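Breakdown of the fold
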Amino acid sequence: PTADTLADWSGVASGLHAAWGTTDKRYARSVVPCAAESECRLTAWRGERVSAQLVLWSVDSVGGVECRIGKFRSDGACLPAGIAQARFVRYVLTDTFGPGCGHRKDGDFPVSLAADMLDTLGRFDMDARTARPVWLTVSAPAGVYRSCVEVTGCGVKSLELPLELRVQERRLPRPAEWSYHLDLWQHPAAAARVMGLALWSDAHFDALRPLVRMLADAGQKVVTATLNKDPWNNQCYDAYADMIVWTRLADGTWEYDFTVFDRWVRFMLDLGVGKYVNCYSMLPWNNMLHYRDAATGEWVDVKAEPGQPAFDEMWRPFLADFVRHLEEKGWLAKTCIAMDERSPEQMEIAVAFLAEHAPQLGIALADNHDSYKRYPQLHDICVSARQEVAPEDIAARRAAGQVTTYYVCCSHQHVHLLRSGRGDRGGVVRRGQRLRRLPALGLQLVDGRPAARFAFPHVARGRYLRRLSGRPVVDPFRAPVRRDSGCREDPYPARRSGPRELGRGRRKTGAAR
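Keep in mind that what you see is a predicted model, and the values were worked out from it rather than measured.

1. A look at the overall build of the chain
- The secondary structure content of the chain amounts to six helices and 26 strands.
- Out of the 513 residues belonging to the chain, those deemed buried represent 57%.
- Here the contacts in the chain between residues at least 6 apart in sequence split such that 70% fall between residues at least 24 apart.
- Looking at the chain as shown, the accessible area adds up to about 20,400 Å², and 49% of this sits on carbon and sulfur atoms.

See the structure below:
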């Protein structure tokens, strides 16, 4: 779909070619790659996972291409090939940033191919005059090890690329020990739709299990839960599903079914995620709630504007029962009522209401109104990367045990976009703070400390405020961008990931608060 399909391949000899490339570059599918390294040397800490990228290309079509990693040998040990994994990088469709957030129509913006999905296929057929990156990940105990990657294909000479891994004595702690605060919003309903599974069924939870383990392995600290109907007014391709069913009985009293909420939170806790539980939202984007009328069996929509009688009527009894339920489960101390990008006027009403009727609950806010100073009592403040938090405020909140992070979303260009390169690791000076973009993780460093607050898809939405099971689009295997900005889902369905996959790395170990 782009001009690179006209690239000149006349100087490429027949047969399959391979060389080590760099993890900081996306290699175009139709262009002869500039990769010439014959050997790869990786350095890691104990417990760390490191990555490398090799590139295959051919002027002829080659069927059945496979990559096999050999055993890792040192002077005193031999490690199995299973400590490493090689995955073909699949090309998917993306578009340009354009105006950022907003609904898009097909054809509004130029479309191109981007090397992004780490596929699980064991072999791959290559078309003529194309390149194909292969992404390797390796982890090992201390020592110096040597291996090789063998590339084979039907009717072509096999190739071997040497690989050296030098693992230092210094140890990277287990993800559960990291102080780094990672909050990738989960969206399990989207995963159910993409994988064709009944929502909240046993099969649904089974399919989510390996994805949540990926989150835990990345140091995820927060469970994303819903309180009522979709808090974002169906902003994503898939609406968020109810986790708590509200029922109004014939005598006017309320009953709340926490079955799904309890199972979801317990599921996340058992897999190592759940230092905090953020529940969205007392302030949905359209302020709409709903409940089931026990007398008629019908669902009733209610506009619950902050400060209006309906707000008090709906939220006062719920909060009382919710606090009681959380106390019984032992989850009260870790639970926050969470709001996303709500106005200061609405936030002040909600904060005062919670202080009066449920002071035991924490409060979390993703703030794009530069209003965080109004709410010093909030446990979890996540500020838009376009704004800043004064260093003295960060220090005071950290001393009080509060979380202060930055987030990026569809309005922020050059952050985890499919079309952006992965090697832009230069420091950016902005209002006296140093924000350093590490595209491989989508990680923000604030004064040298990670301050991440973005998301995850297929259990998280596909961007920086991502959601588990991302904001999946109609066909995430072909065009994993959502409605704006060329942002993608991460991870892809069925345990596929991307080159910026979350994993164990030294850059994640600093404190984020």
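2. Overview of the sheet that holds strand 7 (residues 84-94)
- A sheet is described by the order of its strands in space; here five strands give the open sequence 1-3-10-7-8, paired in antiparallel fashion. What marks the edges here is a single partner per strand, and that holds for strand 1 (16-20) and strand 8 (112-118). Here the strands of the sheet are splayed against their neighbours by 30° on average, with no regard to which way each runs.
- Alignment of strand 1 against strand 3 (residues 50-58), held across five bridges, turns out to be antiparallel. Following the sheet pairing, Trp20 is matched in strand 3 by Leu54.

3. Quick notes on the nonpolar core
- Phe261, Trp264, Phe318, Phe322 and Met339 are the most contacted members of the largest nonpolar core, which totals 73 residues.
- Element by element, the count of residues in this core is highest for helix 4 (residues 309-329), at eight residues.
- Discounting residues that sit within four places of it in the chain, Phe322 has contacts with Leu227, Ile244, Phe258, Phe261, Cys279, Thr335, Ile337 and Leu361.
- Membership of the second largest hydrophobic core comes to 31 residues, among which are Ala44, Ala84, Met126 and Val134.

4. As for the sheet that holds strand 18 (residues 299-303)
- If you trace the four strands from one edge of the open sheet to the other, you get 15-14-17-18, paired in mixed fashion. Two strands in the sheet have a free side with no partner beyond their single neighbour: strand 15 (254-257) and strand 18. Averaged over neighbouring strand pairs, the angle between their axes works out to 35° when direction is ignored.
- As defined by bridge partners, strand 17 (residues 288-293) adjoins strand 18 across five bridges and the pair is classed as antiparallel.

5. As for helix 3 (residues 259-270)
- In this model helix 3 runs 16 Å from its N-terminal to its C-terminal C-alpha over 12 residues, within 8% of the 16 Å that 1.5 Å per residue would give.
- Tucked inside the fold, the buried residues of helix 3 contact helix 1 (188-195), helix 2 (202-217), strand 13 (222-226), strand 16 (276-280) and helix 4.

6. Re the side chain of Arg397
- Tracing the sequence through the fold places Arg397 in helix 6 (residues 391-399).
- Although buried, Arg397 forms no salt bridge, and the nearest oppositely charged side chain, Asp380, lies 5.9 Å from it.
- Those residues in contact with Arg397, other than ones at most four positions away along the chain, are Tyr375, Pro376, Leu378, His379, Asp380, Ile381, Gln402, Val403 and Thr404.

7. Section: unusual backbone geometry
- Residue Ser281 is bonded to the preceding Tyr280 through a cis peptide linkage, with omega at -5°.
- With respect to the helices and strands, Ser281 occurs in the loop between strand 16 and strand 17.
- Even without being a glycine, Trp200 presents a positive backbone phi close to 65°.
- With respect to the helices and strands, the residue Trp200 is situated in the loop between helix 1 and helix 2.
- With a phi close to 55°, Asp370 is a non-glycine residue in the positive phi region.
- Mapped onto the elements, Asp370 comes out in the loop between strand 20 (362-367) and strand 21 (380-384).

8. Observations concerning the packing of helix 1 against helix 2
- Close contact between helix 1 and helix 2 brings their axes to 10 Å; oriented N to C, the two are set at 105°. Accordingly, the angle class assigned to the pair helix 1 and helix 2 is roughly perpendicular. Packed against helix 1, whose contacting residues are Pro188, Ala191, Ala192 and Met195, the element helix 2 presents His204, Ala207 and Leu208 at the interface.
- Among the residues forming the contact of helix 1 with helix 2, the class breakdown is six nonpolar, one polar and no charged.

9. Side note on the environment of Glu164
- Looking at the secondary structure, you find Glu164 in strand 12 (residues 159-171).
- Here the alpha-carbon distance between Glu164 and Thr43, two residues 121 residues apart in the chain, equals 8.6 Å.
- Apart from residues lying up to four places away in sequence, Glu164 is in contact with Glu39, Cys40, Arg41, Leu42, Val144, Tyr145 and Arg146.

10. Regarding the packing of aromatic side chains
- For the structure on display, the rule yields 25 aromatic pairs.
- Here Phe258 and Phe318 contribute two aromatic rings whose centre-to-centre distance is 6.5 Å and whose plane-to-plane angle is 40°, an arrangement assigned as tilted. Highlighted residues: Phe258 in the loop between strand 15 and helix 3 and Phe318 in helix 4, separated in sequence by 60 residues. Exposure class is identical for Phe258 and Phe318. Each is buried.
- Relative to Phe353, the ring of Phe311 has its centre 5.2 Å away and its plane inclined at 75°; by these criteria the two rings are edge-to-face. You can see Phe311 sitting in helix 4 and its partner Phe353 sitting in helix 5 (residues 344-357), a full 42 residues away along the chain.

Criteria and thresholds
- Residues numbered from 1 in each chain as written.
- Predicted model: local features only at pLDDT ≥ 70, side-chain atom pairs only at ≥ 80, totals over all residues.
- Heavy atoms only, no water.
- Helix = DSSP H or I, 4+ residues; strand = E, 2+ residues; numbered from the N terminus.
- Buried < 20%, exposed > 50% of the residue type's maximum accessible area, 1.4 Å probe, protein only.
- Contact = heavy atoms within 4.5 Å.
- Areas by Shrake-Rupley, 256 points an atom, 1.4 Å probe, with all protein chains shown as cover.
- Pairing = 2+ DSSP bridges.
- Axes fitted to C-alpha atoms, helices over the stretch in contact; angles between N-to-C directions.
- Core = buried A, V, L, I, M, F, W, Y, C linked by side-chain atoms within 4.5 Å.
- Expected span 1.5 Å × (residues − 1).
- Lys, Arg positive; Asp, Glu negative; His and termini not counted.
- Salt bridge = Lys/Arg side-chain N within 4 Å of Asp/Glu carboxyl O.
- Parallel < 35°, antiparallel > 145°, perpendicular 65-115°, else oblique.
- Nonpolar A, V, L, I, M, F, W, Y, C, P; charged D, E, K, R; others polar.
- Phe/Tyr/Trp six-rings, centres within 6.5 Å; stacked < 30°, edge-to-face > 60°.

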